[in-house]
Amino acid sequence: MTDIQTHTLVIPGVDLVYDVRGPLPPAGAHRALLMIGQPMTAEGFTALAPHFTDRTVLTYDPRGLGRSVRKDGRSDHTPQQQAADLHALVEALDVGPVDVIASSGGAVTALELVATHPDDVATLVAHEPPINAVLPDATAAERARAGFYDAYQAKGSGAGMAAFIAMTSWQGEFTDAYFAQPTPDPAMFGMAADDDGNRDDPLLSQSSWAITDYRPDAGVLTAAPTRIVVAVGEESAGTYTARTALGLAALLGQEAVVFPSHHGGFLGGEFGYAGKPEEFAARLREVLDAG
């Protein structure tokens, strides 16, 4: 098993903590592989990273999440700032261009990185980025997002997460039938309804709305030297993030590539959300090698 070396990159506004598996500079024929999520931190890739022992694998905790303590006095999480942080990391390690597997909000960050620093990324696999603007029902998606935020503000994390799950598991467009549903009970999902009084959850508060509000520039992205592959989970069909993946792929003039499992298909049971990390890794290797 490859040893994990943990380091801190001190840049304006944050002490950015990152992990390195393998040699720096990378050895062999493969580029370094950067794995990023949002609001998920590096620990979300503990099941996927060990399948790439022939590569140097980089993971990190985004600004203000996990171990990366921010010092800029802000609480918002924007793709623009996160992409700037990643550029600083790639530049500091002198490993560019890297290959990237990016999940969820991390995929939005990675799109911004390609848009602003295209020479940093050789191949980007963008797995189910949640971007409202690429949906035909974008306005309704924003209303659904406001619904889980309102539930969180009114009753705390249990209620907010229950409403979030209801939104992200809904099949198809957000219609009147969706909004006519009663607010889901956290007990339906095995969660407590207790309210701890906190309202700063990066997923349920408004601090990450810049991610789902992101508007990708198709012209800039398709003109970049980066090979962009939009990925969608085979078990995600019809759900919000599957639809956003398909919408982004269409915007870029391509078809989404199907990966095993669901939105967290690379997870090995972390966060109680097991995927199929071995199968996911095999598919990822195929996609990267094809480039």
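Named according to an unreviewed UniProt entry, the protein is Pimeloyl-ACP methyl ester carboxylesterase originating from Micromonospora ureilytica.

S.K.: Is there a simple way to explain helix α9 (residues 277-289) in this structure?
M.R.: Because an α-helix packs 3.6 residues into every turn, residues spaced three or four apart end up facing the same way. If you check α9, its first and last C-alpha atoms are 18 Å apart, about what 13 residues at 1.5 Å a residue would give, namely 18 Å. Buried residues of α9: P277, F280, A281, L284, V287 and L288, and no others. Down the axis of α9, the smallest arc covering the buried residues is 125°, so these residues share one side.

S.K.: Just checking my understanding: could you explain the sheet that holds strand β5 (residues 98-103) for this structure?
M.R.: The pairing of strands in a sheet comes from backbone hydrogen bonds and takes either a parallel or an antiparallel form. The 8 strands are arranged β1-β2-β4-β3-β5-β6-β7-β8 in an open sheet whose pairing can be described as mixed. Both outer strands of the open sheet, β1 (4-11) and β8 (257-259), are each paired with one neighbouring strand and no more. This sheet shows a mean twist of 25° between the axes of neighbouring strands, independent of strand direction. Taken together, the 4 bridges between strand β2 (residues 14-21) and strand β4 (residues 57-60) define a ladder with antiparallel strand orientation. By the bridge assignment for β4, D19 is matched with T59. Against the sheet, α9 touches β3 (33-36), β5, β6 (121-127), β7 (227-233) and β8, its axis set at about 155° to β8.

S.K.: Help me out: how do you make sense of the pairing of β1 in this one?
M.R.: In this structure, β1 lies alongside β2, joined through 8 bridges in antiparallel fashion. Note that in β2 the partner of I11 across the bridge is V14. With antiparallel pairing between neighbouring strands as the criterion, β1 and β2 make up a hairpin whose turn holds 2 residues, including G13 at a positive phi of roughly 90°.

The rules behind each value
- Residues numbered from 1 in each chain as written.
- Predicted model: local features only at pLDDT ≥ 70, side-chain atom pairs only at ≥ 80, totals over all residues.
- Heavy atoms only, no water.
- Helix = DSSP H or I, 4+ residues; strand = E, 2+ residues; numbered from the N terminus.
- Expected span 1.5 Å × (residues − 1).
- Buried < 20%, exposed > 50% of the residue type's maximum accessible area, 1.4 Å probe, protein only.
- Arc of directions from axis to C-beta.
- Pairing = 2+ DSSP bridges.
- Axes fitted to C-alpha atoms, helices over the stretch in contact; angles between N-to-C directions.
- Contact = heavy atoms within 4.5 Å.

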